[in-house]
Amino acid sequence: MPAARTKRRLPTGTQSFRKLRERGCYYVDKTPYALRLVDEGDCYFLSRPRRFGKSLFVSTLKALFEGRRELFQGLAAYDQWDWSVRRPVAHLSFTSGHYTEPGGLHQNLLRQLNLNASASDIALSAVAGVDRFAELLVKLHYKSGRRVVVLVDEYDKPITENLNRPDLARANRDYLRALYSTLKYCDEHIRLSFLTGVSKFSKVSLFSSLNNLIDLTLEVPFSSICGYTERDLDEVFAPELVGLDREQIRAWYNGYSWGGNERVYNPYDLLPTFRTRKCKAWWFQTGTPKFLPDLLVRRNVSTLDLEGLTADESLLSAFDIEEIGTEALLFQTGYLTAADWSEGDDGETEYRLDYPNREVRVSLNRALLSSLVNSLSQHRLARCRDVAKHIRAGDFEQLNHALHAFFASIPHDWYRNNRIQRYEGYYATVFSPSCPASASTPAPKRPPHGATSTWP
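Residues numbered from 1 in each chain as written. Predicted model: local features only at pLDDT ≥ 70, side-chain atom pairs only at ≥ 80, totals over all residues. Heavy atoms only, no water.

What to know about helix α5 (residues 129-144)
The terminal C-alpha atoms of α5, which comprises 16 residues, lie 23 Å apart, in line with the 22 Å expected from a rise of 1.5 Å per residue. Turning to α5, its buried residues are Gly-129, Arg-132, Phe-133, Ala-134, Glu-135, Leu-136, Leu-137, Leu-140 and His-141. Contacts from the buried residues of α5 go to β2 (89-93), α4 (104-119), β3 (148-153), α7 (166-180), α8 (182-185) and β4 (190-197). Gly-145 lies just past α5 and shows a positive phi near 80 degrees. (Helix = DSSP H or I, 4+ residues; strand = E, 2+ residues; numbered from the N terminus. Expected span 1.5 Å × (residues − 1). Buried < 20%, exposed > 50% of the residue type's maximum accessible area, 1.4 Å probe, protein only. Contact = heavy atoms within 4.5 Å.)

Some details on unusual backbone geometry
Positive phi values are uncommon outside glycine, yet Glu-154 reaches one of about 55 degrees. Mapped onto the fold, Glu-154 is located in the loop between β3 and α6 (157-160). With a phi angle near 55 degrees, Asn-300 is a residue other than glycine that sits in the positive phi range. On the secondary structure map, Asn-300 appears in the loop between α13 (291-298) and β6 (310-312).

With respect to the sheet that holds strand β5 (residues 214-215)
Reading across from one edge, β2-β3-β4-β1-β5 is the order of the five strands in this open sheet, with parallel pairing throughout. The sheet is open, and its two borders are formed by β2 and β5, each paired with just one other strand. As defined by bridge partners, strand β1 (residues 43-47) adjoins β4 across five bridges and the pair is classed as parallel. By the bridge assignment for β4, Phe-45 is matched with Leu-195. (Pairing = 2+ DSSP bridges.)

Some thoughts on the sheet that holds strand β8 (residues 349-354)
Read from one edge to the other, the open sheet built from three strands follows the order β6-β8-β7, with strand pairing classed as antiparallel. Looking at strand neighbours, the two that pair on one side only are β6 and β7 (337-343), the edges of this open sheet. Across the sheet, the axes of successive neighbouring strands diverge by a mean angle of 30 degrees, strand direction being ignored. With three bridges joining them, β6 and β8 adopt antiparallel strand pairing. Within β8, the residue paired with Asp-312 across the bridge is Glu-350. (Axes fitted to C-alpha atoms, helices over the stretch in contact; angles between N-to-C directions.)

Considering the pairing of β8
As judged from the six bridges shared by β7 and β8, these two strands associate in the antiparallel manner. Bridge pairing links Glu-343 to Thr-349 in β8. What sits between β7 and β8 in their antiparallel hairpin is a turn of five residues, with Gly-347 showing a positive phi close to 90 degrees.

Quick word on the side chain of Ser-55
With respect to the helices and strands, the residue Ser-55 is situated in helix α3 (residues 54-65). For Ser-55, a relative accessible area of 13% gives the class buried. Aside from chain neighbours lying at most four places away, what touches Ser-55 is Gln-15, Thr-95 and Asp-153.

Focus on the pattern of salt bridges
By the definition in use, this model includes 22 salt bridges. One salt bridge in this structure joins Glu-154 and Lys-54, with 3.1 Å as the shortest N-O distance. Placement of Glu-154 in the loop between β3 and α6 and of Lys-54 in helix α3 is noted, with a sequence separation of 100 residues between them. Given a relative accessible area of 10%, Glu-154 falls into the buried group. One connected set of salt bridges, linked through shared partners, spans Glu-230, Asp-234, Arg-246, Glu-247 and Arg-250. (Salt bridge = Lys/Arg side-chain N within 4 Å of Asp/Glu carboxyl O.)

Here we look at the packing of α4 against α7
Where α4 contacts α7, the two axes come as close as 10 Å, and the packing angle between them is 30 degrees. On the basis of their axis angle, the class for α4 and α7 is roughly parallel. Here Leu-105, His-106 and Leu-109 of α4 come into contact with α7, specifically with Asn-172, Tyr-175, Leu-176 and Leu-179. Classifying every residue of the contact of α4 with α7 gives five nonpolar, two polar and no charged. (Parallel < 35°, antiparallel > 145°, perpendicular 65-115°, else oblique. Nonpolar A, V, L, I, M, F, W, Y, C, P; charged D, E, K, R; others polar.)

Considerations on the pairing of β4
Most of β4 sits inside the fold, with eight of its eight residues counted as buried. Bridge count for β3 against β4 is five bridges, and the pairing is parallel. Residue pairing for β4: Leu-151 is matched across the bridge by Phe-194.

Overview of the packing of aromatic side chains
One pass over the full model with this rule turns up 21 aromatic pairs. Each ring, one from Phe-65 and one from Trp-81, has its centre 5.3 Å from the other, and the planes form 85 degrees; the classification is edge-to-face. Highlighted residues: Phe-65 in helix α3 and Trp-81 in the loop between α3 and β2, separated in sequence by 16 residues. What makes Phe-65 buried here is its relative accessible area of 2%. (Phe/Tyr/Trp six-rings, centres within 6.5 Å; stacked < 30°, edge-to-face > 60°.)

What to know about the layout of surface pockets
Think of a ball as big as a water molecule: rolled over the atoms, this probe shows where empty space is left. Put simply, the second largest pocket is a space of about 1,200 Å³. What lines the second largest pocket is a set of 48 residues, and nearest its centre among them are Arg-50, Arg-51, Phe-52, Lys-54 and Glu-154. Of all the elements in the fold, those that place two or more residues in the lining of the second largest pocket are α3, α6 and α12 (267-276). Looking at which element gives the most residues to the lining of the second largest pocket, the answer is α3, with five residues. Partitioned by chemical class, the residues of the lining of the second largest pocket number 22 nonpolar, 17 polar and nine charged. (1 Å grid on protein atoms, 1.4 Å probe; cavity = no way out; pocket = protein on both sides within 12 Å on 5 of 7 lines; lining within 4 Å. Points joined across faces, edges and corners; volume = space filled by probe spheres on them.)

Printed below as a string of structure tokens:
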């Protein structure tokens, strides 16, 4: 694809392929992946973090199977797709809805099934959601004479939105288990199924009853199916890069990996950066669930430990409400990524996890700190900003004063009464030996385990 010569509209917040193409927005061509999916299989699952482009790819598939040729001008699929064949599409999206109330999932599903039926002039009579879904697939097949394409976006949101409400999360999981089992029993009516989500819940029948399911999450050929590569920035977004620090953008946002050698950017970060010309934690600020840092604090997970976690594919691939593994949770939600990997003698791939970029590293550490101390007063925050300001300015005299003031506020017996483990309270207190707090703080009778330094 040749480099863009003129600026176009930024597709900020646009998840509709049709709308994006009709408005002349920038678009990174993902249709080669769609062509490969159709050629190689008929039932797929893809996990990617929130706001990573999953919904746009689902919308692209929908337009492709509906035969909207005019939208694909200039894209790979334009000359490689049989536009004479149009298939019925059953499209379910759980990106929005009231799932935090009992019955909310059921009402949302019925509404979506009715909309799908109405669009094809079909009447549904079944009352139960599962039976209504099966009825829709059968009638779409018989009316068109062609097997149906099933697209499900954010299949797991009714569960993940309620992880801090375990009873409702389990109820929604069981409801979805019955719903997705329909894909197996209606297989003769389905040409292709494509489901996306953030997490892979092991107890949803999607992963236990579908023998032909292909999980694309860690498949190397599909590692860039969502997100933007360095090449995409150079060829598609070249006009937006003028005047921006490319190295800064790379440090802030690049680094996500799902098994391939090529790292990708989160689209939701780049688009507001192009619009405002500023690097900020755009993605992290859009809704990091509070339960995540709280859970890490309860499990005494150090921020230093996060950079050295390792896991095999089975550990990264699944978890459930009753057993949420730290590695799987952080990987599937996008707060850690596969920094590198190695093949074991038994054929298992082991992944070393790490922060993908500066945005996640800084933001997650701040969220953990906030959960650890409950809340930071404006006075303390101002002191922290002063320390950072003096370091950047190289003003070590003012830095010394700021540190003295900061550590003078530490109670003399703080190291015994704080919740931090491994004597970190003692080390924090003696960080600056000349400050008043450290001078009056008694050292423990024995040093922490493994310590070799001698403190005053």
